[in-house]
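# Examination of the molecular architecture
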Amino acid sequence: QVQLVESGGGLVQPGGSLRLSCAASGFTFSSYAMSWYRQAPGKERELVAAMTSAGGSTNYADSVKGRFTISRDNAKNTVYLQMNSLKPEDTAVYYCNADALLLFTSYDYWGQGTQVTVSS
């Protein structure tokens, strides 16, 4: 059974930091690209950060470049999102995503999300 379980969300003041974690199980984690998305109330879900399966390449939304860092530990089947210098506009539900194209079949898994609220 595939599971992606996010943790680490919460309430933080502007300028603060949080580290999100996403623990994966039920699939071969090291074969999947991992990403973080977020969705704010009334807005579409957007890509925040992504990392290739081996961790050799990353991609970030312009709005978080220089503030957020995605990383992964394939030995622990976990992906992280370090968020620094948080702003109120970073408030959203953050989702972990795993995707891969294996033997011409596309796989795409989502976690349940974790709330991040940036407010004074």
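All of these numbers come straight from a predicted model, not from anything done at the bench. Numbers given to residues run from 1 along each chain, matching the order in which its sequence is written. In keeping with the model being predicted, local features are shown solely for residues with a pLDDT of at least 70 and side-chain atom pairs are shown and tallied solely at 80 or more, while totals for entire chains, interfaces and linings include all residues. Water and hydrogen atoms play no part in the side-chain values, which are based on all heavy atoms of the structure.

### A closer look at the overall build of the protein
Elements are defined by DSSP. Helices are runs of H or I of four residues or more, strands are runs of E of two residues or more, and each kind is numbered from the N terminus. Helix and strand content of the protein: zero helices and 11 strands. Starting at the N terminus and ending at the C terminus, the protein contains elements arranged as β-β-β-β-β-β-β-β-β-β-β. Its C-alpha atoms give the protein a radius of gyration of 14 Å, within 12% of the compact-globule value 14 Å for 120 residues. Projecting the C-alpha coordinates of the protein onto the three principal axes gives extents of approximately 50 × 25 × 25 Å. Burial status follows relative accessibility: with a 1.4 Å probe on protein chains alone, a residue under 20% of its type maximum counts as buried, one over 50% as exposed, and anything between as partly exposed. Within the protein, buried positions represent 39% of all 120 residues. Restricting the contact set of the protein to residue pairs at least 6 apart, pairs at least 24 apart contribute 55%. Side chains of the protein give 9 positive and 9 negative charges; the mean places of these two sets differ by 6 Å. In this description the radius of gyration comes from C-alpha coordinates, and the expected globular size is given by 2.2 Å times residues to the power 0.38. Contact definition: two residues touch when any of their heavy atoms are within 4.5 Å. The sign given to each residue is positive for Lys and Arg and negative for Asp and Glu; His and the chain ends receive no count. In this description, the location of a charge corresponds to atom NZ of lysine, CZ of arginine, CG of aspartate or CD of glutamate.

### What about the sheet that holds strand S1 (residues 3-7)?
Strand pairing in a sheet relies on backbone hydrogen bonds. The paired strands run either parallel or antiparallel. Taken in spatial order, the four strands line up as S1-S3-S8-S7 in an open sheet, and their pairing is antiparallel. Edge positions in the sheet fall to S1 and strand S7 (68-73), since each of these pairs with one other strand and no more. Taking the axes of each pair of neighbouring strands and ignoring which way they run, one obtains an average angle of 15 degrees across the sheet. Strand pairing is assigned whenever DSSP detects at least two bridges linking the two strands. Whenever a helix is involved, its axis is fitted only over the stretch in contact; in every case the axis is a line through C-alpha atoms, and angles between N-to-C directions fall within 0 to 180 degrees.

### Concerning the pattern of salt bridges
Should a side-chain nitrogen of Lys or Arg be within 4 Å of a carboxyl oxygen of Asp or Glu, the pair is scored as a salt bridge. In total, this model carries four salt bridges according to the counting rule given. A salt bridge links Asp-62 to Lys-65, with the nearest nitrogen and oxygen atoms 3.1 Å apart. Judged by relative accessible area, which is 65%, Asp-62 ranks as exposed.

### Comments concerning the packing of aromatic side chains
Paired rings are identified among Phe, Tyr and Trp, the last through its six-membered ring, by centres lying within 6.5 Å, and are further divided according to the angle between planes into stacked (under 30 degrees), edge-to-face (over 60) and tilted (the rest). Within this structure, the stated rule accounts for five aromatic pairs. Aromatic pair Phe-27 and Tyr-109: ring centres 5.3 Å apart, planes at 45 degrees, arrangement tilted. Highlighted residues: Phe-27 in the loop between strand S3 (18-25) and strand S4 (33-39) and Tyr-109 in strand S10 (residues 105-110), separated in sequence by 82 residues. Of the residues examined, Phe-27 reaches a relative accessible area of 13% and is grouped as buried. Every member of this aromatic cluster is reached through a ring pair, and the members are Phe-27, Tyr-32, Tyr-107 and Tyr-109. Across from the ring centre of Phe-29, 4.5 Å away, lies the NZ or CZ of Arg-72, which sits over that ring. Charge-over-ring placement is defined geometrically: NZ (Lys) or CZ (Arg) within 6 Å of the ring centre, and within 35 degrees of the ring normal.

### A closer look at the nonpolar core
With 31 residues, the main nonpolar core has Trp-36, Leu-81, Met-83 and Tyr-94 as its most contacted residues. Among the elements that take part in this core, strand S9 (residues 92-102) stands out by supplying five residues, more than any other. Among residues more than four places away in sequence, those in contact with Leu-81 are Leu-18, Arg-19, Leu-20, Trp-36, Val-48, Ala-49, Phe-68, Thr-69, Ile-70 and Tyr-94. Definition of nonpolar core: a set of buried residues of the types Ala, Val, Leu, Ile, Met, Phe, Trp, Tyr and Cys, connected through side-chain atoms within 4.5 Å.

### Some thoughts on the pairing of S3
Strand direction decides the pairing type here: S1 and S3, joined by five bridges, are antiparallel. Among the inter-strand pairings, Ser-7 is bridged to a residue of S3, identified as Ser-21.

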